[in-house]
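A structural walkthrough
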Amino acid sequence: MIEVRGLRAEDHAAWLPLWQGYQRFYKVDIPAEVGETAWRRMLDEVEPMWGALALADGQALGLAHYVRHRTTWAVGDYCYLNDLYVDEGARGRGVGRALIAHVGEEARRLGCSRVYWLTHETNAEARRLYDGVAERSGFIEYGRGLDP
């Protein structure tokens with residue numbers, strides 16, 4: 001049985017290895033300061049940013065981080081599923097699907113009108129799941145860093 005619930009302050013030790021696994025999967029090295037800032041924001045009730053853990057038998061199997069934001073395309077806010085990660089040993093057990101469902105329920109509770117997310121084009125395993133639970137928008141993402 002998979003339980004998905006919001007992050008709690010005492011979850012840091014369970015969350016951190018998943019966060020590090022997420023970075024290894026995407027071959028990025030996010031500075032520890034950035035991760036710790038995100039952690040604090042997800043626990044701060046005034047921030048529009050949250051996190052969740054998927055657990056089975058007390059073991060953390062996956063995480064989701066999500067952000068509520070305004071949009072010019074709807075009256076209701078949108079919810080961006082910023083990060084979704086399932087430990088390699090737990091894949092194929094419905095953990096990702098449960099995390100997506102949890103974020104959808106939370107977004108509805110927050111008054112959002114849409115949940116959306118991105119994945120890398122090479123992430124075929126996740127894309128099979130996503131194709132079954134959502135619609136592809138057809139948009140191509142562009143981005144660039146900004147100097148301070």
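Scroll up to find the structure.
What comes next concerns the included structure. (Residues numbered from 1 in each chain as written. Predicted model: local features only at pLDDT ≥ 70, side-chain atom pairs only at ≥ 80, totals over all residues. Heavy atoms only, no water.)

1. Brief notes about the packing of aromatic side chains
Using the criterion set out here, one finds 11 aromatic pairs in the structure. Look at Trp50 and Tyr66: their rings are 5.8 Å apart centre to centre, the planes differ by 25°, and that puts the pair in the stacked class. Pair noted here: Trp50 is in strand β2 (residues 49–56) and Tyr66 is in strand β3 (residues 59–69), with a separation of 16 residues, a long-range link. Neither residue differs from the other here; Trp50 and Tyr66 are each classed as buried. Taken together, the ring pairs in this structure connect Trp15, Trp19, Tyr22, Phe25, Tyr26, Trp39 and Tyr85 into an aromatic cluster. (Phe/Tyr/Trp six-rings, centres within 6.5 Å; stacked < 30°, edge-to-face > 60°. Helix = DSSP H or I, 4+ residues; strand = E, 2+ residues; numbered from the N terminus. Buried < 20%, exposed > 50% of the residue type's maximum accessible area, 1.4 Å probe, protein only.)

2. Quick notes on unusual backbone geometry
Even without being glycine, Lys27 reaches a positive phi, approximately 55°. Looking at where Lys27 falls in the secondary structure, it is placed in the loop between α1 (12–25) and α2 (32–43). Relative accessible area serves as the criterion here: at 76%, Lys27 is assigned to the exposed category. Of note in this structure, Asp57 is not a glycine but carries a positive phi near 50°. Residue position: Asp57 is located in the loop between β2 and β3.

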